[in-house]
Structure formats: C-alpha cells, structure tokens
Amino acid sequence: MKYPPPVKKFPHILHGGDYNPEQWLKWKDKIWKEDMRLAKLAGINTLSVGIFSWTALEPEEGQYRFEWLDEVMDLLAENGMTAVLATPSGARPAWMSRKYPEVLRVNASRQRNIHGDRHNHCLSSPVYREKTSAINSLLARRYRDHRALGVWHISNEYSGDCHCPLCQAKFRQYLKDKYKTLDALNEAWWSAFWSGTITDWDQIESPGGPGSGGHNGIKLDWRRFTTEQFVDFYLNETAPLKKITPETPCTTNLMTAGFSGIDYFRFAEVLDLVSWDSYPRWTSAEGNAEVGLRTSYAHDLTRSLKRRPFMLMESCPSATNWRAVAKLHRPGLHMLQSIQALAHGADSVQYFQFRKSRGGPEQHHGAVVDHEGSENTRVFRDVAELGQRLKSLDALVGADTPARAALMYDYQVRWALDDAKGFLQENTGYEETVINHYRPFWKRGIPLDLIDSRQSLDKYSLVIAPMLYMLREGAADRISAFVRRGGLLVSTYATGYVNESTLAFLGGFPGPLKETLGIWCEEIDALFPGETNSIEWNGKSYRAFDLCELIHGRGAEILGSYGGDFYAGSPALTVNNYGQGKAYYIAARTDGDFLDDFYRKIGAEAGLTPLFDDLPEGVSAQVRGGDEKYFVFLMNFTNREQQVSGQPALAPFEARIIERSSL
Ligand code: GLA
Ligand code: ZN
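What counts as what
Residues numbered from 1 in each chain as written. Chains lettered and ligands numbered in written order. Predicted model: local features only at pLDDT ≥ 70, side-chain atom pairs only at ≥ 80, totals over all residues. Heavy atoms only, no water. Donors = N, O, S within 2.8 Å, 3.2 Å for Na, K, Ca; no water. Tetrahedral: all angles 85-135°; square planar, octahedral: opposite > 155°, others 65-115°. Helix = DSSP H or I, 4+ residues; strand = E, 2+ residues; numbered from the N terminus. Buried < 20%, exposed > 50% of the residue type's maximum accessible area, 1.4 Å probe, protein only. Contact = heavy atoms within 4.5 Å. 1 Å grid on protein atoms, 1.4 Å probe; cavity = no way out; pocket = protein on both sides within 12 Å on 5 of 7 lines; lining within 4 Å. Points joined across faces, edges and corners; volume = space filled by probe spheres on them. Nonpolar A, V, L, I, M, F, W, Y, C, P; charged D, E, K, R; others polar. Core = buried A, V, L, I, M, F, W, Y, C linked by side-chain atoms within 4.5 Å. Domains from an automatic or database assignment. Pairing = 2+ DSSP bridges. Axes fitted to C-alpha atoms, helices over the stretch in contact; angles between N-to-C directions. Salt bridge = Lys/Arg side-chain N within 4 Å of Asp/Glu carboxyl O. Phe/Tyr/Trp six-rings, centres within 6.5 Å; stacked < 30°, edge-to-face > 60°. Lys NZ or Arg CZ within 6 Å of the ring centre and 35° of its normal.

## Considerations on the coordination of the zinc ion (ligand 2)
Inference 1: The protein atoms donating to the zinc ion (ligand 2) are Cys122 (SG), Cys162 (SG), Cys164 (SG) and Cys167 (SG), with metal-donor distances spanning 2.3 to 2.4 Å.
Inference 2: Angles of 104 to 116 degrees at the metal separate the four donor atoms of the zinc ion (ligand 2), which places the site in the tetrahedral class.
Inference 3: Read in sequence order, the donor residues for the zinc ion (ligand 2) give the motif C-x39-C-x1-C-x2-C. With Cys122 in the loop between α4 (94-99) and α5 (126-143) and Cys167 in helix α6 (residues 165-179), this residue pair connects regions lying 45 residues apart in the sequence.
Inference 4: For Cys167, a relative accessible area of 0% corresponds to the buried category.

## Things to note about unusual backbone geometry
Inference 1: Between Phe352 and the following residue, Gln353, the backbone shows a cis peptide bond with an omega angle of 25 degrees.
Inference 2: Along the polypeptide, Gln353 turns up in the loop between β9 (348-351) and α12 (378-390).
Inference 3: Residues Phe509 and Pro510 are joined by a peptide bond in cis, for which omega reads 5 degrees.
Inference 4: Tracing the sequence through the fold places Pro510 in the loop between β15 (498-499) and α16 (514-517).
Inference 5: Despite not being glycine, Ser155 has its phi angle at roughly 55 degrees, a positive value.
Inference 6: Using a relative accessible area of 1% as the deciding quantity, one classes Ser155 as buried.

## Examining the environment of Val349
Inference 1: For Val349, the location among the structural elements is in strand β9.
Inference 2: The buried category is assigned to Val349, whose relative accessible area is 0%.
Inference 3: On a C-alpha basis, the gap between Val349 and Glu557 in space is 48 Å, while along the polypeptide they are 208 residues apart.
Inference 4: Setting aside anything within four residues of it in sequence, one finds Val349 in contact with Ile13, Leu14, His15, Gly16, Leu312, Ser315, Ser338, Leu342, Leu386 and Leu390.

## So, empty space enclosed by the protein
Inference 1: Across all of its chains, the model carries eight cavities of 30 Å³ or more by this definition.
Inference 2: What lines the largest cavity is simply Thr433, Asn436, His437, Thr492, Tyr493, Ile586, Ala588, Arg589, Thr590 and Leu595.
Inference 3: Put simply, the parts of the chain that give the lining of the largest cavity at least two residues each are α14 (430-444) and β22 (588-590).
Inference 4: When its residues are assigned to classes, the lining of the largest cavity shows four nonpolar, five polar and one charged.
Inference 5: If you add up the space inside the second largest cavity, you get close to 50 Å³.
Inference 6: What lines the second largest cavity is simply Ser278, Pro280, Thr295, His299, Leu312, Ser315, Gln337 and Ser338.
Inference 7: Where the lining of the second largest cavity is concerned, the elements lending two or more residues are α10 (288-306) and α11 (333-343).
Inference 8: By residue class, the composition of the lining of the second largest cavity is two nonpolar, six polar and no charged.

## Quick word on the nonpolar core
Inference 1: Core analysis: the biggest nonpolar cluster contains 180 residues, and Leu69, Phe267, Leu342, Leu462 and Phe598 have the highest contact counts within it.
Inference 2: For this core, the domains that each give at least three residues are domain 1 (45-273) and domain 2 (405-605).
Inference 3: Other than its neighbours up to four places away in sequence, Leu69 contacts Val49, Leu57, Leu85, Leu139 and Tyr143.
Inference 4: Core analysis: the next-biggest nonpolar cluster, separate from the first, contains 14 residues, Phe171, Ile198, Trp201 and Trp222 among them.

## With respect to the sheet that holds strand β25 (residues 655-660)
Hydrogen bonds between backbone groups are what pair the strands of a sheet, and the pairing can be parallel or antiparallel.
Inference 1: Ordered in space as β23-β24-β25, the three strands form an open sheet in which the pairing is antiparallel. This sheet does not close on itself; its edge strands, each paired only once, are β23 (619-626) and β25. Sheet twist, expressed as the mean angle between neighbouring strand axes with direction ignored, is 20 degrees.
Inference 2: With eight bridges joining them, β23 and strand β24 (residues 629-636) adopt antiparallel strand pairing. Paired with Gly626 across the bridge in β24 is Lys629.

## Thoughts on the layout of surface pockets
Inference 1: Considering only enclosed or pocket space, the largest pocket measures out at about 700 Å³ in volume.
Inference 2: Around the largest pocket, the lining is made up of 36 residues, and of these Met255, Ala257, Gly258, Trp276 and Trp322 lie nearest the centre.
Inference 3: Among the elements of the structure, β7 (275-277), α10, α13 (411-419) and α14 are those that each provide at least two residues to the lining of the largest pocket.
Inference 4: Considering each element in turn, the lining of the largest pocket owes the most residues, six residues, to α10.

## A look at the side chain of Asn136
Inference 1: Turning to its location among the elements, Asn136 is positioned in helix α5.
Inference 2: Relative accessible area serves as the criterion here: at 0%, Asn136 is assigned to the buried category.

## What about the pattern of salt bridges?
Inference 1: Enumeration over the complete set of coordinates arrives at 41 salt bridges.
Inference 2: A salt bridge links Lys443 to Asp596; its shortest N-O distance comes to 2.9 Å. Note that Lys443 is positioned in helix α14 and Asp596 in helix α17 (residues 592-605), a separation of 153 residues in sequence.
Inference 3: Taken together, the salt bridges that share partners define one network made up of Lys178, Asp221, Arg224, Glu228, Arg266, Glu269, Asp410, Asp452, Arg454, Arg472 and Glu500.

## Quick look at the packing of aromatic side chains
Inference 1: Evaluated as defined, the whole model comprises 38 aromatic pairs.
Inference 2: For the pair Tyr158 and Phe230, a centre-to-centre distance of 5.3 Å together with 45 degrees between the ring planes defines the contact as tilted. Placement of the pair is Tyr158 in the loop between β4 (149-153) and α6 and Phe230 in helix α8 (residues 216-244), with a sequence separation of 72 residues. No difference in accessibility class separates Tyr158 from Phe230, as the two residues are buried.
Inference 3: Ring centres of Phe594 and Phe598 lie 5.5 Å apart, and the angle between their planes is 15 degrees; this geometry places the pair in the stacked category. With a gap of four residues between them, Phe594 and Phe598 both fall in helix α17, about one helical turn apart. Like Phe598, Phe594 is buried.
Inference 4: Site record: aromatic cluster; members linked through ring pairs are Trp54, Tyr128, Tyr158, Phe230, Phe233, Tyr234 and Phe267.
Inference 5: Lying across the ring of Phe612, Arg660 places its NZ or CZ 5.0 Å from the centre.

Laid out in structure tokens, this is it:
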C-alpha cells in the first residue's frame, strides 16, 4: 500500500526545516542569497516559513507587509524548494494583546497572563479567532497559486489550556451538549460525594485552581473539552485555507513524546497529515539504545495516529538548547536519528532550524547553519551527507508499515489513571508500562502499531492492551469481537475498572471483559518501592513489583502463580480460550525478562516473524513497504561494531537500508 507524498507534486523525501528569514530582513541581500546557496548544498528541498512571523506580517492592526514573504516564497520556488507555509498564531504582535486583552490566556488560578511568551492565547476568544482567520485568509489568497506552496503548517505545538470567562462559558455549553440534563451530569460525576451536586449550570467551574475540586469526572471532562477546543481552534484556522487552497494539506506539529495534554488520536481526525517534533535525549554512549527505543516508540505512535506516513516536522541536527545538558550529537547520530524516523514511517526529515538566530531565547539551538555562517562545519557536513542520501530514497515516499500487531496507548485512559486516587497515585506508570510491552518487539525487529482503544482491530493478529483501566464506549465489544474471531489478546492488571465517565463497573473487574478474559479480579495490592513478589511460570521465577492483582480463574486456565505474600499460589498469569481466539492476562507488573520470554511465546503463537533471527542488544530492525517491495532498516544504536547474521558488520551508529521482495 502506497500513500501519496505530503506534497503531491513533489514526490521526494522532504528535507529542510524551520527558516526565519524575517530575523535577517536588514541583511537580506547578503544572508538570504547565501541561505539559498547553503540550502542547496545541503540537499535541502523544503523550508518552513512564517511560523512566528505575525508581527513581521502585520506590524500594526490591519497594515500588512507581505512583500518580504513574497520574496522568500519566490526564492524558494526559484531554487526548486517547496514551502511549508505556516499560519502565525503560535505567537502574536504586542499591539493585539494590548488592544484586546481577551486574546491572552488565563491560568487555572484565574490570573490573566501578560504578553511576551509564545503559545499563549485563549482558545475561545472571538477576537483571536477572527484575527487568525483574517491573516490566514490573506496568506491563502496571496499564495494559492504560488509554485512553492506545499503544506500548511498550522500554528505551532498547540498545548495548555485557558480558564478565562469565555472558556468557562464554552465549557458549560460543552457539558450541556454532552449531558443534556444536570441529573445526567451529576450521575456521571458521582457528584453527591463531598456535596458536589451541581444544581445550576452556572455553578460549574473549570478544575485546577486553588481549592478547586478533586472530582475525577470534571477533570476528565475538562481535558476532553480542552482537546475539543484545539480541534475547534484548528478548524477555525483551516476553514479559509480549505476554501481557498483545497489541494494543499494542513498539518500541525505535535509533541508526541512526553506530552499528554491533548488526545492526539482525536486531534488527528481533523489533520490531513500528522507531523511531530522529535528531540531525543541522546547520551554519549551506552544509554543510546534505550533512547533509540523510546524515539522509535514515539515515531510509531505518531504514525499510528492516522496509520499512515507522517512528517518529521522538527528535529535537531546538533545540540538541543532547552535540555539541561545540551549535548552534541556524536558522529553518525544525525544520520541514524534521521533514517530511524524514515524507518518508522516519516516521509520527511526537517529541523529546528535552518539558520541559528543571532539572539533571542533559542540562539544556541543546533542548526544547519551556525553563527559562523559557512558550510565548513561538522554539523553542516552531517546534514549534507544525509541530504545526498535522501535523494536516492524517492521510492520510500508513502510506503506503509506492515504491522500485524498493535499495542494500545490511550490518552484518555492515561488521564483517567492520572486522576484516580489509589493504586500508585503519584506515578501510575501507564505509559512506561506501554513502553515496557513495546520493548520486546523493538528488540526483536517486529513492527507494531500503537493505537488507542477506539481504533479498529481488524488488521491485527495480536493486540496488547496494558492497564486498560477505563473501558471507553464500545472498547470492550471491539476487543471481545477481536478475540472471538481468532485474535490473540494480552491484557494486564488495572484493566476494566471504570467506564467512560470513570464510574466503577459493578459486579466485578475487569467489568465487561470478565467473560473474554475468564477471570475475576477481586483486589489490587500496591507495593512500596523496593518491595517485591514473584510470578512463577514455566519453571522460572520472575520478579513482580508495584502492582499485584489478586485474581480468580472464572474459566481461564492458570499458567502462572504468585510466589510470595498472603496470596502466594494464587493465579498471576492466565489464558482464556474465547471463541476462536485466546485472551492472556498478566496480573502483576514485571521486569523485561518476563516480558521477553512471554512475548517470544506469544509472538510465535500469533504468527509474527522477526525481521532477523537474532538482533544484538541495541540493534533494531524495522520495515516499510508492501507488494513485493520492502525496505528493511537495520540500525545500530550502540557505539560498537555489531554483527547481524547474514549481514556485513554494522559500524557504530550505522543505519542501513536493505531492499527485499518479500518478508
Ligand atoms: C519546539 C518548537 C520550536 C523550537 C524547538 C526547539 O519544538 O516548535 O519552535 O522552540 O522546540 O527545540
Ligand atoms: Zn479563554
């Protein structure tokens, strides 16, 4: 299966990044021309412009200055580049905040922010929406037929929330639309607890300020509402673009690694293309394999948001300025991190940033062109070497990832767990657990999709759903149907406790999955740090820690049991034959050794074949393609030479691409 390239008329891997020529307006004759020369020399074929340019475009209300951008767009076209053209709402002119304070965000303590920072706007403000829509319309009209126009980059890294009166009113409306009656709302929030019953819609206040509520229902709804606010704001931004330039895809740069404030699966529904900003925390040596794994995970999650190729909108060719230790990339790492993105589904390698800004908050952030200004730097050479290599990879553009196994990561489940008291409330370890279940597949070279609990499971033979604490509408039915049809399911402790409103399932956990899993979970034990139990399975003893559930078989076969404490001998690992399929249940948190052994068995049962027989530690393999044309990626995240059977030795940090006609 092949998808169209991000820019339809430009079927190449995009290579480039954020470019801020407006910072060099006074020196444009020298710098801009030199930028074009350097970009071509580095094999760059795209630049992202206009991301924070509002003041340069509209220095005073209604007074527009597009001439400089015209010139930049023309330069890009003349030099054979495609533009990722941004809407400027990520930061705004001071005149606007002064004249219309409502555009500024209000924090949870109900204080209005002052002007100055970027990413600081109210999501409801009619003025801000009108202003963004106006400038976006002008941009679209001006460049609709421009040869350089490739992709719309909407705003920048949407995040945060706003608690102003306008947002409060919208929140109440959202709740009215959702619940219709206060009775329904009160039941969903279980508001009789602590006298929280709402008797008038106007009593509802967004959560988070001093003394504000501990009710999980309202917190969860606020997070959902905030996601809808971004969806709505994005749709407001894109409406004129869709009308004027319907052929040009729109995307916005997400922060897939480490940010959970927006339900990105929901958000992805309105994006034409998914894109994200990747800044792995590479260390100097040993730790890189783990960083590689986590970066792969974030790429896979990004790709899975729409289950199709994505854009790597930002990455850094050198040191990342905002890290506590802004370490240089070791030789080879730039190539490796870039090919790694392609391996997991990226159709672009883009940077923050092309040319280092001379001053300002990010003046020391790695860039293709340093303050020194020439092509004679190590980083420039790294980028140019990659640029050269990317030119031979056109055939990769749009290639699918043939994953037959899926691992669930659900933003809303994470929110529900984060807000739940009990278990391990300071750190539920939800995403960490998902990553732990991802690791055995990464280590063995078996591709995975990362999906949330609302996605279809049709294309998979194995579905892993760790800690599916909240069963959202329809999730239990989809999962059960998947097993009934012959699928293999792996579930774990902390599954099926609450419904979509966070109300506990009555009648025993794991709620509506009880029958599918053939168990009843009676209690869950949280262990202090350092405390351990064990799971005895297959003649081996594996460490169990953090969370141990006390479960009973209700039809399931008991495969493993606890080794210690008052529940020694009781079930800890079960399997249930259900319909044509099987459902496994791991009742306790374990280390990687258990998961490695377990998934070796399960992977074989599900018919998943690793890309190579035995990958050494720190070497990963991935694949893209289909229809007898596959690209297999072999990547060495260690600083040592590595041997993979049937392959020439891999140099330290080498990223190799091998073409195969079958898997
Ligand atoms: C983010 C932003 C960029 C820049 C980089 C620096 O991803 O989108 O504007 O600040 O970080 O790492
Ligand atoms: Zn607001």
